[in-house]
Structures are given as C-alpha cells and as structure tokens.
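# Inside the fold
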Amino acid sequence: MSELPVVFVGVATLDAIAVVPHLPAPDERQVADDMAFAGGGPAATAAVAAVRLGLRDVSFVGSVGDDDEGTRILAGLRAEGVDVSAVRRVPRTRSQTSVVLVERDSGTRAICTRDVPALRVEPGSPAAAKIRGAAWVHVDHLGWPAVAALIDLSDTRRPLLSVDAGNPIPALRHEAIDLFVPTMDALRRACGDLEPSALLDAALRAGVRRVVATMGADGAMAAAADGTRCGVPAYPAEILSTLGAGDVFHGALLAAVVRGEPLPSCLGYAAAAAALSCRALDGRSAIPGHDEVVAALAA
C-alpha cells in the first residue's frame, strides 16, 4: 500500500446519533430504536476511511476545543491510526458536536450541529509543515480557506488538491483542483438545471482535472480532462444509516487515486466502500478494509 503522505484538512466532530420511527414533530417525545456516539466530520471521517483502506501516512489537520469532546475526538482518530499531532486545541473553546436523528424506514436524517470558528493554519506551525509536505491534501468546506491561504495555488510543486464540495465553498479556485468531488445537486445549483454530463463538462471547463459527482441512491458519475468518462450505480448493500457515507466515499476515492488506479476503478471502489459503511448507525464503525472492498467487488 502507498507510503505517500496524505493530509485531510477540515472538520472533526463528536456525534450523538439516534434511530427514530420518524423525524419528530414539535414537542413530540419518541423512544429511539438505537443510539450511538461516534466521531464524525467530513474531512476527519474521510481520513479514517483512507487508513482503513490501506493508506499508511495519513494526517488530520483541524482544530478542536479544550473540552472533553475535543479529547474524545482526538482519541477516536488516534485509535484509527490517523496522525493528529498537528491538530490545534483552542483554549476556552467548545469542540464541534452534532445531534443526528435517523428516520428508521427511509434512512433520511436531520442534523443539528454546534458551529465552530473558521480554521486557521499559521505559516510556521506543524500543521503548515504537514500540509506543505503532503503528496495529496483533501479539504472540506472548512479546510479549503485555510489551505488556499497557506499555499501558492499556482505553484506546480504544491501538493495535489482533493476537494469535498458537497457543502458550499466561497471563492473556490477550480483551476487549482486536481480531484473535485461535489454532489450532482451542488453542481446543478452552481451551473443550472443541466443534464449530468453537461454539468461534468461545466466543471472541466472551470479548470478542474477530474470531477466525480455523487448522486446518492443513483450512484456517481465522473469525467477527466483527458477525456475519460465513467459512471457507477449505487452499490447494493444493507443500509441502516447513510450518515458519513459521502465522507467515506471521498476517503476511499482518494485512496484508490493515490494508489494509481484508473478513474473507473476508483469510482467503483469508492461506491462499494461507501455502501458497506452504511451497515452501522454511525458513520465510521462499519467502514470496510481494503480486502473486504476488493472481495465485494469481485463477488
């Protein structure tokens, strides 16, 4: 497996998750079918997926508070083999936590989260050294501004950039993005009500090298500047909750890209890993390993 250093920059949370018969009405009290407490966050969960799927040199850069939740967030990442030595603990600040309600029959969810301040990476900090020394840097909506402010995006010697664009990211520099991963709905909001293939074309014209658009239960589609086009349906799997599945998709996709797999193989690999992760209530505990994904694809 690859020894290339890969850094994930952005959000890490602690989630409280409950499965309920239906999303509650005002003042309604429900008895949950099940509850779980687990780490979350787009970039942090993608980092966990990358380690589970075989990448060995994986770091997470972000910030947490100096509270008990921050300690638990970092402990969860360390236990998975993610390097958190460059995470900043902010004094007198509360860590980001979320309450997630998952509707039992549909798998849809409602999320209420505590906001956190913008992520800052000081130029001379250990976090800056991690980012500048990486082969790949993956960012979410919180990570992009910090990384864009730190490195010269026009420098050909900079790390390759992977962007989780499921959430809006102001001032995004598409021409600097090597792997662009929005949802198809996010592309449609940005580019208009076009056919999926036309939306991929629009992303390529904006300057990204590769675009992979996820479509939930309809799978994913991808296109690259070299003319590659491909798509995969959603991988069939037993689904308890889709929480974190998109984040697992990003981590698995990048793991396959780092290993040098062709784009169609990367797409199928990520779709299978994401689907298998839906077997658990939380977004991390059922993330598969590399061999399990390969076996599932072979079957």
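Residues numbered from 1 in each chain as written. Predicted model: local features only at pLDDT ≥ 70, side-chain atom pairs only at ≥ 80, totals over all residues. Heavy atoms only, no water.

At a minimum axis separation of 10 Å, helix α8 (residues 263-277) and helix α9 (residues 290-298) run at an interaxial angle of 110°. Judged on the interaxial angle alone, α9 and α8 are roughly perpendicular. Across from Gly268, Tyr269, Ala272, Ala273 and Leu276 in α8, the residues of α9 making contact are His290, Glu292, Val293, Ala296 and Leu297. (Axes fitted to C-alpha atoms, helices over the stretch in contact; angles between N-to-C directions. Helix = DSSP H or I, 4+ residues; strand = E, 2+ residues; numbered from the N terminus. Parallel < 35°, antiparallel > 145°, perpendicular 65-115°, else oblique. Contact = heavy atoms within 4.5 Å.)

Phe8, Phe60, Val82, Val212 and Phe249 are the most contacted members of the largest nonpolar core, which totals 54 residues. At ten residues, α8 tops the list of elements feeding residues into this core. What Phe249 contacts, discounting residues up to four positions off in sequence, is Val181, Val212, Thr214, Ala220, Leu267, Ala270, Ala271 and Ala274. Judged by nonpolar contacts, the second largest core, of 38 residues, contains Val11, Ala127, Ala176 and Ala213. (Core = buried A, V, L, I, M, F, W, Y, C linked by side-chain atoms within 4.5 Å. Buried < 20%, exposed > 50% of the residue type's maximum accessible area, 1.4 Å probe, protein only.)

Another point: the pattern of salt bridges. Applying the stated criterion across every chain yields a total of twelve salt bridges. Measuring nitrogen to oxygen at the nearest pair gives 2.1 Å for the salt bridge that ties Asp201 to Arg229. Remark: Arg229 occurs in strand β14 (residues 229-232) and Asp201 occurs in helix α6 (residues 196-206); sequence separation between them is 28 residues. Under the relative-accessibility criterion, Asp201 is labelled partly exposed at 26%. A relative accessible area of 42% places Arg229 in the partly exposed class. (Salt bridge = Lys/Arg side-chain N within 4 Å of Asp/Glu carboxyl O.)

Here Asp247 lies in helix α7 (residues 245-258). The side chain of Asp247 sits in the buried core without any salt bridge; Arg109 is the nearest counter-charge, 7.2 Å away. With residues near it in sequence (within four places) discarded, Asp247 still touches Gly41, Pro42, Thr45, Ala46 and Asp164. (Lys, Arg positive; Asp, Glu negative; His and termini not counted.)

Taken in spatial order, the four strands of this open sheet run β3-β2-β7-β8, and their pairing is mixed. With partners counted over all chains shown, the strands left at the sheet margins are β3 (34-40) and β8 (109-113), one partner each. Taken over all neighbouring pairs, the strand axes of this sheet differ in orientation by 20° on average, direction set aside. Of the strand pairs in this sheet, strand β2 (residues 13-20) and β3 are connected by seven bridges, and their pairing is antiparallel. Looking across to β3, one finds that Ala18 is bridged to Met35. Lying over the sheet, helix α2 (residues 68-79) contacts β2, β3 and β7 (97-103), oriented at roughly 90° with respect to β2. (Pairing = 2+ DSSP bridges.)

It is the contact of α7 with α8, at a shortest axis distance of 8 Å, that shows an interaxial angle of 145°. For the pair α7 and α8, the crossing hand works out as right-handed. The residues of α8 that touch α7, namely those facing Ala245, Val248, Phe249, Ala252, Leu253, Ala256 and Val257, are Cys266, Leu267, Tyr269, Ala270, Ala271, Ala273, Ala274 and Ser277. (Left-handed = near helix turned anticlockwise from the far one by under 90°.)

Among the residues of helix α5 (residues 184-191), Met184, Ala186 and Leu187 are the ones counted as buried. Buried residues of α5, seen end-on, are gathered within an arc of 155° and therefore sit on one face of the element. Residues of α5 that are buried in the fold lie against β11 (179-181), α6, β12 (210-214) and β13 (220-224). (Arc of directions from axis to C-beta.)

For β7 and β8, the ladder comprises five bridges, and the chain directions are antiparallel. If you follow Val100 over to β8, its bridge partner there is Ile111. Between β7 and the antiparallel strand that follows it, β8, lie five residues; Gly107 among them carries a positive phi value of about 80°.

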